Amino acid sequence: MSALSSTTISSNRQSVTHRKLRLHAPVLALLVPPACVSFSGCLSFERTLVKATELLKPANAEEAASLDKIDLKRIPQHVAVIMDGNGRWAQRRHLPRIAGHRAGVKAAREIIETCARLKLSYLTLYAFSLENWRRPQAEVDFLMRLLREYLKRELPTIHKNNIRLLVIGRSEQLPEGVRKDIEHGMRLTARNTGMKLVVALNYGGRAELVDAFNAMLEQVRSNGLSAFMADEQTVSEHLYTAGLPDPDLLIRTSGEMRVSNFLLWQIAYAEIYVTETLWPDFSPARLLEALVDYQKRERRYGGLNAAQESVPAAKSAKRSRWAGRG
Ligand code: FPP
């Protein structure tokens, strides 16, 4: 995460551009079409440079190509990720599963850094599900240790970069040491105003709904609210994610077409992106590809797009008979 702390976006765009140009000329050459050498072209040349390098220095040609296609003004507000495939990654290398999890932490670190630099507002990572307790005890213990190690090592950088750590799930059932570490992390970063990093730990979507219903019932009982009726807002306000916007984009690595009990209520209208890439190989370049794909989607939330709206209702009903619902 150290590179993250070095991001300083000066208000003097000219100086930013020139400084970056000196430092990253070979990479920037990949971003800028050769036609941009005339004087008037220099203006767009400069704009291209600012767009591509202001938030993220592309590490390679792949990243540069995706960055160039991204509209920084339409970055999703909230990205949620099902990080899957650590075990298979290790297996393919004839390594123990825990080596896959170690590599998974490294990938998570890079994705967190990239999202923060892209000025994403919320990133939610599915780190440990309620169902993951079914794994061998040694693997569960290792995952818990890994999480504590991660927090110990990365918390100062997370804090320095104004990221706020939040944890969702039945954290009261986690080992005491893990609980203390996450409480410390959340307390330390509570006033940070940058990206919210939400870690789903001992999390299950159905359990979250059960907990929400029980919390509502408890309020009804203790306040004698015999006429109480819940609506969507009331349910949302009782979820672990109360106050957070729903994810715009749900990414799942390793190719499985499942939502695995993740944010069941919140992903109602999320765009879903599934990649064959195993989590430890999910590099910033792969994330940028997902964002480019997201920006090509049309989000209708059950309504119509502008072209459909301009068609008279009878015609449009006929035409949309077999159309999807979302
Ligand atoms: C799934 O791979 C991954 C997990 C069980 C989560 C573990 C995640 C990490 C170690 C990343 C760390 C996250 C943070 C926030 C530091 P799998 O074991 O199910 O893979 P498989 O399906 O190939 O067996």
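Keep in mind it's a predicted model, so treat the numbers as computed, not measured. (Residues numbered from 1 in each chain as written. Predicted model: local features only at pLDDT ≥ 70, side-chain atom pairs only at ≥ 80, totals over all residues.)

1. Some remarks on the overall build of the chain
Within the chain, the secondary structure is distributed over 13 helices and six strands. The buried share among the 326 residues of the chain stands at 33%. Considering only residue pairs separated by 6 or more positions, the chain has 75% of its internal contacts joining residues 24 or more positions apart. (Helix = DSSP H or I, 4+ residues; strand = E, 2+ residues; numbered from the N terminus. Buried ≥ 20, exposed ≤ 12 C-beta atoms within 10 Å, placed from the backbone. Contact = placed C-beta atoms within 7 Å.)

2. With respect to the environment of I158
Mapped onto the elements of the fold, I158 is located in helix 7 (residues 137-160). On the neighbour-count criterion, I158 (26 C-beta atoms within 10 Å) is buried. Placed 39 residues apart in sequence, I158 and L197 show a C-alpha to C-alpha distance of 9.2 Å.

3. With respect to the site of the ligand
In the vicinity of the ligand, 17 residues are found, and the nearest of them are N86, G87, R88, G104 and A108. When contributions to the shell around the ligand are tallied by element, the ones reaching two or more residues are helix 5 (86-92), helix 6 (97-117), strand 2 (122-129) and helix 7. A per-element tally of the shell around the ligand places helix 6 first, with four residues. (Near = placed C-beta within 6 Å.)

4. Observations concerning the pairing of strand 1 (residues 78-82)
Counting buried positions over the five residues of strand 1 gives five, a clear majority of the element. Of the two faces of strand 1, both are covered, the one formed by H78, A80 and I82 as well as the one formed by V79 and V81. Pairing geometry for strand 1 and strand 2, over five bridges, is parallel. Looking at strand 2, one finds that I82 is bridged to Y126. Judged from the four bridges that link them, strand 1 and strand 5 (residues 249-252) form a sheet pairing that is parallel. Looking at the pairing, I82 lines up with R252 of strand 5. (Pairing = 2+ DSSP bridges.)

5. Things to note about the packing of helix 6 against helix 7
Close contact between helix 6 and helix 7 brings their axes to 11 Å; oriented N to C, the two are set at 30 degrees. Judged by the inter-axis angle, helix 6 sits roughly parallel to helix 7. Every pair of crossing elements has a handedness; the one defined by helix 6 and helix 7 is right-handed. When helix 6 is examined against helix 7, the residues R97, I98, H101, R102, V105 and R109 are found in contact with a partner set consisting of E139, F142, L143, L146, Y150 and E154. Looking at the contact of helix 6 with helix 7, its residues break down into six nonpolar, one polar and five charged. (Axes fitted to C-alpha atoms, helices over the stretch in contact; angles between N-to-C directions. Parallel < 35°, antiparallel > 145°, perpendicular 65-115°, else oblique. Left-handed = near helix turned anticlockwise from the far one by under 90°. Nonpolar A, V, L, I, M, F, W, Y, C, P; charged D, E, K, R; others polar.)

6. A few points about the sheet that holds strand 5
The strands that make up a sheet pair up through hydrogen bonds in the backbone, lying either parallel or antiparallel. Sheet architecture is open: six strands sit in the order 3-4-2-1-5-6, paired in parallel fashion. Two strands close off the open sheet at either side, each with one partner strand: strand 3 (164-168) and strand 6 (271-274). Direction aside, neighbouring strands of the sheet carry axes that sit 20 degrees apart on average. With five bridges joining them, strand 3 and strand 4 (residues 196-203) adopt parallel strand pairing. Across the sheet, R164 pairs through a bridge with K196, a residue of strand 4.

7. Some points on unusual backbone geometry
At H94, a residue that is not glycine, the phi angle is positive and equals roughly 55 degrees. Structurally, H94 can be placed in the loop between helix 5 and helix 6. Of note in the backbone geometry, S260 takes a positive phi value of approximately 45 degrees without being a glycine.

8. Section: the nonpolar core
With 59 residues, the main nonpolar core has V79, C115, L123, Y126, L197, V198 and A200 as its most contacted residues. Here this core gets seven residues from one element, more than from any other, and that element is helix 6. Residues within four places of L197 in sequence aside, it is in contact with I112, L123, I158, I163, R164 and L165. (Core = buried A, V, L, I, M, F, W, Y, C linked by C-beta atoms within 7 Å.)

9. A short note on the confidence of the model for the chain
A residue-level look at the chain finds 78% of positions with pLDDT of 70 or above and a mean pLDDT of 83. Between residues 1-50, whose pLDDT stays under 50, and residues either more than four places distant or in other chains, the model counts 49 contacts. (pLDDT = per-residue confidence, 0-100.)

10. Section: helix 7
The terminal C-alpha atoms of helix 7 lie 35 Å apart, and with 24 residues this matches the ideal 34 Å at 1.5 Å per residue to within 8%. Considering bend angle alone, the principal kink of helix 7 is centred on E154 and spans about 50 degrees; proline P156 follows within four residues of it. Among the residues of helix 7, L143, L147, E154 and I158 are the ones counted as buried. The inward-facing, buried residues of helix 7 abut helix 6, strand 2, strand 3, helix 8 (176-188) and strand 4. Just downstream of helix 7 lies N162, where phi reads positive at about 65 degrees. (Expected span 1.5 Å × (residues − 1). Bend = angle between axes of the 7 residues up to and from the residue.)

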